[in-house]
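What the coordinates show
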Amino acid sequence: MATPADVAAFRATQTDLVTVALAELAEWWEQLLALLTGDVPVAQIEAFTADLVAVYGDAAALAAGDWYDELREHADVSGRFRARMADPAPQGQAEAVARWAVGPLFGAQPDQHAALEHLSGGVQRLVLQPARQTIADSVDADPADARWARVPSGRTTCAFCRLLASRGAVYHSEETAGGLANGYHGRCDCVPTPVWPGEQEPYDVDAFLEEYEAARAKAGGDPNAILAQMRLDLGIN
Ligand SMILES: [Zn+2]
């Protein structure tokens, strides 16, 4: 069973990969802009972003696969199974994120800082994407009836993630089909964590459920109204 310490350790390895990727991005970005004379080389930024998230996304997915296998080895389940490693973010997706991120360079007052901020958020999400996908895909393929929970981590957790966390370890392909559970906003540091039958989630699900129910009692059944209420009540995003 994953303990809070297991989740924290895994999150730290993922955060390290993101940190190194963002440092590489920032260094490259600075050089690019220092040498820039004419038009913004959007294609070059797209290509760099795609390569960067492929390299670090692969490492993140590998770590996620190892983590899954290790947790499963200590779980009370029978049968052999190995984690399914997901591919890095597709090149086209990474290019689209980069294209969107550099928008502020084309305003009436080009804003390099905002562009790098956007791009950094996108790179963080895309580096972690294959790791998150590795957990979700492995849960789906695991014959031992695994589920995953969105385990909040870090200092603040947004209302959207708290709502998903309040449901505990329910997520698998049928549960998430067409739903929002596989969506992660930029800079989200929640950790999808596998849970096998008979195990407990490595966080206080009830506390999040109480929060959610308190907001629901005031706001009614509409999910967006509930999220707005949670933001108001908890003073969060
Ligand atoms: Zn989150």
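Here the structure is shown first, and the text comes after it.
Everything numeric here is computed off the predicted structure, so don't read it as measured data.

**Examining the overall build of the protein chain**
When helices and strands are counted, the protein chain shows eight helices and two strands. The C-alpha atoms of the protein chain give a radius of gyration of 19 Å, which matches the 18 Å a tight globule of 237 residues would have. Residues classed as buried in the protein chain amount to 46% of the 237 residues present. Across the protein chain, the fraction of contacts at a sequence separation of at least 24, relative to all contacts at a separation of at least 6, is 75%. With the model as given, the accessible surface of the protein chain reaches about 12,100 Å², and the carbon-plus-sulfur share is 50%. Across the protein chain, the centroid of the 17 positively charged side chains sits 4 Å from that of the 34 negatively charged ones.

**What about the side chain of Thr 193?**
For Thr 193, the position within the fold is in strand E2 (residues 191-195). Of note is the side chain of Thr 193, whose polar atom sits 2.9 Å from the backbone oxygen of Val 191. If near-sequence neighbours (up to four positions away) are discounted, Thr 193 is found in contact with Ala 2, Val 7, Trp 67, Arg 147, Trp 148, Ala 149, Val 151 and Pro 202.

**Some remarks on the pairing of strand E1 (residues 147-151)**
With four of its five residues buried, E1 lies for the most part within the structure. In this sheet, E2 lies alongside E1 in antiparallel orientation, the contact comprising five bridges. When the sheet's bridge partners are listed, Val 151 is paired in E2 with Val 191.

**Focus on the packing of helix H3 (residues 91-101) against helix H4 (residues 112-141)**
Interaxial distance between H3 and H4 falls to 8 Å at its minimum, and their mutual angle equals 160 degrees. The angle between H3 and H4 places the two elements in the roughly antiparallel class. In this structure, the crossing between H3 and H4 has a hand that is right-handed. Of the residues in H4, those in contact with Gln 93, Ala 94, Val 97, Ala 98, Trp 100 and Ala 101 of H3 are Ala 115, His 118, Leu 119, Gly 122, Arg 125, Leu 126 and Gln 129. Grouping the constituent residues of the contact of H3 with H4 by class yields eight nonpolar, four polar and one charged.

**A word on the nonpolar core**
Of all hydrophobic cores here, the largest spans 72 residues; its most connected members are Trp 29, Ile 45, Tyr 68, Val 127 and Trp 148. Here this core gets eleven residues from one element, more than from any other, and that element is helix H2 (residues 42-73). Apart from the residues within four sequence positions on either side, Val 127 is in contact with Val 18, Ala 21, Val 53, Tyr 56, Gly 57 and Ala 60.

**Quick notes on the packing of aromatic side chains**
Taken as a whole and judged by the stated rule, the model has six aromatic pairs. Ring centres of Tyr 203 and Phe 208 lie 5.9 Å apart, and the angle between their planes is 65 degrees; on these two criteria the pair is classed as edge-to-face. The residues Tyr 203 and Phe 208 share a single accessibility class, namely buried. Grouping aromatic residues by their ring pairs yields a cluster made of Tyr 68, Phe 81 and Trp 196. The residue whose ring lies beneath Arg 132 is Tyr 184, and the NZ or CZ to ring-centre distance is 3.9 Å. The ring of Tyr 184 has Arg 150 lying over it, and the distance from NZ or CZ to the ring centre is 3.9 Å.

**Comments concerning the pattern of salt bridges**
Enumeration according to the criterion identifies eight salt bridges in this entry. Arg 162 is paired through a salt bridge with Glu 211; the nearest N and O atoms lie 2.8 Å apart. Residue Arg 162 is found in helix H5 (residues 159-165), and its partner Glu 211 is found in helix H7 (residues 205-219); the two are separated by 49 residues along the sequence. With respect to burial, Arg 162 and Glu 211 carry one shared label: buried.

**Looking at the coordination of the zinc ion**
Taken together, Cys 161 (SG), Cys 188 (SG) and Cys 190 (SG) make up the full set of protein donors to the zinc ion, lying 2.2 to 2.3 Å away. The motif formed by the donor residues of the zinc ion, counted along the single chain, is C-x26-C-x1-C. Here Cys 190 lies in the loop between helix H6 (173-176) and E2 and Cys 161 lies in helix H5, a separation of 29 residues in the sequence. Among the residues examined, Cys 190 registers a relative accessible area of 5% and is labelled buried.

About the criteria used
Residues numbered from 1 in each chain as written. Predicted model: local features only at pLDDT ≥ 70, side-chain atom pairs only at ≥ 80, totals over all residues. Heavy atoms only, no water. Helix = DSSP H or I, 4+ residues; strand = E, 2+ residues; numbered from the N terminus. Rg over C-alpha atoms; globule rule 2.2 N^0.38 Å. Buried < 20%, exposed > 50% of the residue type's maximum accessible area, 1.4 Å probe, protein only. Contact = heavy atoms within 4.5 Å. Areas by Shrake-Rupley, 256 points an atom, 1.4 Å probe, with all protein chains shown as cover. Lys, Arg positive; Asp, Glu negative; His and termini not counted. Charge placed at Lys NZ, Arg CZ, Asp CG, Glu CD. Polar contact = N/O pair within 3.5 Å; in protein donor to acceptor, adjacent residues only side chain to side chain. Pairing = 2+ DSSP bridges. Axes fitted to C-alpha atoms, helices over the stretch in contact; angles between N-to-C directions. Parallel < 35°, antiparallel > 145°, perpendicular 65-115°, else oblique. Left-handed = near helix turned anticlockwise from the far one by under 90°. Nonpolar A, V, L, I, M, F, W, Y, C, P; charged D, E, K, R; others polar. Core = buried A, V, L, I, M, F, W, Y, C linked by side-chain atoms within 4.5 Å. Phe/Tyr/Trp six-rings, centres within 6.5 Å; stacked < 30°, edge-to-face > 60°. Lys NZ or Arg CZ within 6 Å of the ring centre and 35° of its normal. Salt bridge = Lys/Arg side-chain N within 4 Å of Asp/Glu carboxyl O. Donors = N, O, S within 2.8 Å, 3.2 Å for Na, K, Ca; no water.

Read these as layout, nothing more, since geometry by itself doesn't imply function.
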